[in-house]
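# Working through the structure, step by step
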Number of protein chains: 2
Amino acid sequence: MKRYAEALPAGIFRRLDHIGVAVADLEAARRRYVDLLGFVELAREALPEQGVEAILLDAGNCRLELLGPLGEASPIARFLDKRGEGLQQAAFEVADLDAALAALAERGIRPLAPPSRGAGGLRICFLHPRDTHGVLLELVEYPAASPR
Amino acid sequence: MKRYAEALPAGIFRRLDHIGVAVADLEAARRRYVDLLGFVELAREALPEQGVEAILLDAGNCRLELLGPLGEASPIARFLDKRGEGLQQAAFEVADLDAALAALAERGIRPLAPPSRGAGGLRICFLHPRDTHGVLLELVEYPAASPR
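Computed from a predicted model, the values in this text were never measured in an experiment.

Residue and element names in this part refer to chain B. The strand order across the open sheet built from eight strands is 2-3-4-1-5-8-7-6, with neighbouring strands paired in mixed fashion. Looking at the sheet topology across the chains shown, the edges are occupied by strand 2 (40-47) and strand 6 (116-117). In this structure, strand 1 (residues 15-22) lies alongside strand 5 (residues 86-94), joined through seven bridges in antiparallel fashion. Bridging across to strand 5, Ala22 finds its partner in Gly86. Across the sheet, helix 1 (residues 26-36) touches strand 2, strand 3 (52-58) and strand 4 (63-69), and the angle it forms with strand 4 is around 160°. Set on the sheet, helix 3 (residues 97-106) makes contact with strand 5, strand 7 (123-126) and strand 8 (137-141); between it and strand 8 the angle comes to about 145°.

Time to look at the pairing of strand 3 (residues 52-58) of chain A. All names here are of chain A. When you tally the buried positions in strand 3, you get six out of seven residues, the bulk of the element. Sheet topology places strand 2 (residues 40-47) next to strand 3; seven bridges connect them, and they run antiparallel. Looking at strand 3, one finds that Ala43 is bridged to Leu56. Hairpin connection between strand 2 and strand 3: a loop of four residues separates the two successive antiparallel strands, and Gly51 in this loop has a positive phi of roughly 70°. Where strand 3 meets strand 4 (residues 63-69), seven bridges bridge the pair, whose relative direction is antiparallel. The partner of Val52 across the bridge, within strand 4, is Pro69.

The geometry of an aromatic ring pair comes down to the distance between the two centres and the angle between the two planes. All told, the structure shown has eight aromatic pairs over all chains when counted by the stated rule. Look at A:Tyr33 and A:Phe39: their rings are 6.0 Å apart centre to centre, the planes differ by 35°, and that puts the pair in the tilted class. Here A:Tyr33 matches A:Phe39 in class, with each residue buried. Taken together, a centroid distance of 5.4 Å and an interplanar angle of 55° make the contact between B:Phe13 and B:Phe92 tilted. Taken as a pair, B:Phe13 in the segment before strand 1 and B:Phe92 in strand 5 lie far apart in primary sequence, 79 residues in all. We note that B:Phe13, like B:Phe92, is buried. Members of the aromatic cluster, joined through ring pairs, are A:Phe13, A:Phe92, B:Tyr33 and B:Phe39.

About the cut-offs
Residues numbered from 1 in each chain as written. Chains lettered and ligands numbered in written order. Predicted model: local features only at pLDDT ≥ 70, side-chain atom pairs only at ≥ 80, totals over all residues. Heavy atoms only, no water. Pairing = 2+ DSSP bridges. Helix = DSSP H or I, 4+ residues; strand = E, 2+ residues; numbered from the N terminus. Contact = heavy atoms within 4.5 Å. Axes fitted to C-alpha atoms, helices over the stretch in contact; angles between N-to-C directions. Buried < 20%, exposed > 50% of the residue type's maximum accessible area, 1.4 Å probe, protein only. Phe/Tyr/Trp six-rings, centres within 6.5 Å; stacked < 30°, edge-to-face > 60°.

And the structure:
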């Protein structure tokens, strides 16, 4: 079995950029994922616009992000109320966010909200989970010539 | 910001191998993820031992697996009943499954069940979600010199 292609040839999605885990207590989650599971911390960032405080962990070929709620209208708080802690989102890198959204719109796949800024100041956009079998699928655009 | 390391230096987990999405209707999910979202299908496999029928999609640097319920005692069916469709698991490659489980056990992190066989006949083991902030975290061991 072929495991994966390293980079997709012509599709909308280039590669998985990160997965996000909703956690109630960011410090407790950091201790577990870093001190016990052995993931290396890359960065920590508060994203008030997203209602999220994030700890970015190195997962080798992508990142694992621990996402704690920030503020009253946090989507993480809503997720925790509804489902409890666990996998909350999967983010894929696209070459051109606007072109990707246009191609998806032609196929009837809707954004959840207009593009905004995510961790690292990157342009991001979430797709509607009703259009992705329940997955909160994020699109991430890196600036050209961004280091890996 | 450093995006990721390509391969983790000394930790238990080498890289993200795949994420799994629980879906009620595997054919409908395949049409959406392949025909509309543009992922390339790598393989399709029934895994009665896991209570899963899986469609493996290329996600560039890892795989996206669509997981439909198979049989009465399917964990996918239980997941769908409880949470509906969506992200169900995240699987990380380890060099040596038994060594990884021993190291985790020393840190109080428990397997959900003994190791078994997953897609491609690979040895796998799930960790207890109570020990990972709600993530159904799978460990995958590839045979030495396995092609990527």
